[in-house]
Amino acid sequence: MRHRVSGKGFGRNTNQRKALLRGLVISLFEHLKIETTVAKAKEARRLAERIITLAKRGDLHSRRLALSHLPNKKAINKLFDEIAPKIAHRNSGYLRIVKTRFRPGDNAALAVLEFVDYDSLVEKKEEKKEKKEK
């Protein structure tokens, strides 16, 4: 029975599962979009949205809490300095899951996990590159 048991196990022990989800969330913050299985995307979204909510507050305590969940300074700095100010107007629902295809090897359902404001985040990034080139 699974009464009051939340989350997926993914057939891994706790340390492996935490490492998997942390890696997915770090990749999401670095690339703003990732493709993974539907189940992994749903679990990664839970963790990522909690960290994004901390980033919106933007104070030192929130940054330290985020680092305790996701020990990658580069990803946390990008989240707090670049991503969070652009999505500050949202109360929740920062990420979307779009089902894309089935993986040829094992027929697993794949999905893209991306920010809802992905287009505006990417446009700003391209504008910065153009300014650097000038």
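Details of the structure are given in the entry above.
Residues numbered from 1 in each chain as written. Predicted model: local features only at pLDDT ≥ 70, side-chain atom pairs only at ≥ 80, totals over all residues. Heavy atoms only, no water.

### Structural notes on the overall build of the chain
1) Next: Secondary structure summary: the chain contains five helices and three strands in total.
2) Next: Along its sequence from the N terminus, the chain presents helices and strands in the succession α-β-α-α-α-β-β-α.
3) Next: The C-alpha extent of the chain, read off along each of the three principal axes, is 55 × 40 × 25 Å.
4) Next: Burial analysis of the chain (134 residues in total) assigns 34% to the buried set.
5) Next: For the chain, the exposed area adds up to about 8900 Å²; of that, 48% sits on carbon and sulfur atoms.
6) Next: Computing the positive centroid from 33 side-chain charges and the negative centroid from 16, the chain places the two 9 Å apart. (Helix = DSSP H or I, 4+ residues; strand = E, 2+ residues; numbered from the N terminus. Buried < 20%, exposed > 50% of the residue type's maximum accessible area, 1.4 Å probe, protein only. Areas by Shrake-Rupley, 256 points an atom, 1.4 Å probe, with all protein chains shown as cover. Lys, Arg positive; Asp, Glu negative; His and termini not counted. Charge placed at Lys NZ, Arg CZ, Asp CG, Glu CD.)

### Looking at the layout of surface pockets
Over the atoms rolls a probe the size of a water molecule, and in doing so it shows where empty space is left.
1) Next: Of the voids in this model, the largest pocket is the one considered here, and its volume is about 400 Å³.
2) Next: Every residue lining the largest pocket is counted, 13 residues in all, and those nearest its centre are Lys-18, Leu-21, Glu-43, Leu-47 and Arg-50.
3) Next: Those elements that provide at least two residues to the lining of the largest pocket are α1 (14–31) and α2 (38–57).
4) Next: Considering each element in turn, the lining of the largest pocket owes the most residues, five residues, to α1.
5) Next: Partitioning the lining of the largest pocket into residue classes produces two nonpolar, four polar and seven charged. (1 Å grid on protein atoms, 1.4 Å probe; cavity = no way out; pocket = protein on both sides within 12 Å on 5 of 7 lines; lining within 4 Å. Points joined across faces, edges and corners; volume = space filled by probe spheres on them. Nonpolar A, V, L, I, M, F, W, Y, C, P; charged D, E, K, R; others polar.)

### Notes on α1
1) Next: With 18 residues, α1 should cover 26 Å at 1.5 Å per step; its first-to-last C-alpha distance of 26 Å lies within 8% of that length.
2) Next: Within α1 the residues assigned to the buried category are Leu-20, Leu-21, Leu-24, Val-25, Ile-26, Leu-28 and Phe-29.
3) Next: The inward-facing, buried residues of α1 abut β1 (33–37), α2, α4 (73–86), β2 (95–102) and β3 (109–115).
4) Next: A positive phi of about 70° marks Leu-32, the residue just after α1. (Expected span 1.5 Å × (residues − 1). Contact = heavy atoms within 4.5 Å.)

### Concerning a negative patch on the surface
1) Next: Together, Asp-119, Glu-123, Glu-126, Glu-127, Glu-130 and Glu-133 make up a region of like negative charge exposed at the surface.
2) Next: Tracing the sequence through the fold places Glu-123 in helix α5 (residues 118–133).
3) Next: Given a relative accessible area of 46%, Glu-123 falls into the partly exposed group. (Patch = residues over 30% accessible without salt bridge, like charges linked within 9 Å, V, L, I, M, F, W, Y side chains within 5 Å. Salt bridge = Lys/Arg side-chain N within 4 Å of Asp/Glu carboxyl O.)

### Considering the sheet that holds β3
Consider a sheet: its strands pair through backbone hydrogen bonds, and that pairing is either parallel or antiparallel.
1) Next: Pairing is antiparallel in the open sheet, where three strands are placed in the order β1-β3-β2. Of all strands in the sheet, those bounded by a partner on one side alone are β1 and β2. Here the average twist between neighbouring strands, direction ignored, is 25°.
2) Next: Relative to β3, β1 runs antiparallel, the two being bridged by five bridges. Paired with Ile-34 across the strands is Leu-113, a residue of β3.
3) Next: Each of β1, β2 and β3 touches α2; the most contacted strand, β2, lies at about 165° to it. (Pairing = 2+ DSSP bridges. Axes fitted to C-alpha atoms, helices over the stretch in contact; angles between N-to-C directions.)

### Here's the deal with the environment of Glu-49
1) Next: Summarising the element assignment, Glu-49 is placed in helix α2.
2) Next: Placed 15 residues apart in sequence, Glu-49 and Ile-34 show a C-alpha to C-alpha distance of 15 Å.
3) Next: Residues within four places of Glu-49 in sequence aside, it is in contact with Gly-93, Tyr-94 and Leu-95.

### Structural notes on the packing of aromatic side chains
Any two aromatic rings considered together are summarised by their centre-to-centre distance and by the angle between their planes.
1) Next: Scanning all chains against the criterion turns up one aromatic pair.
2) Next: Centre to centre, the rings of Phe-29 and Phe-115 are 6.5 Å apart; their planes meet at 35°, and the pair counts as tilted. Here the residue Phe-29 occupies a position in helix α1, and Phe-115 occupies one in strand β3, the gap between them amounting to 86 residues.
3) Next: We classify Phe-29 as buried; its relative accessible area is 0%. (Phe/Tyr/Trp six-rings, centres within 6.5 Å; stacked < 30°, edge-to-face > 60°.)

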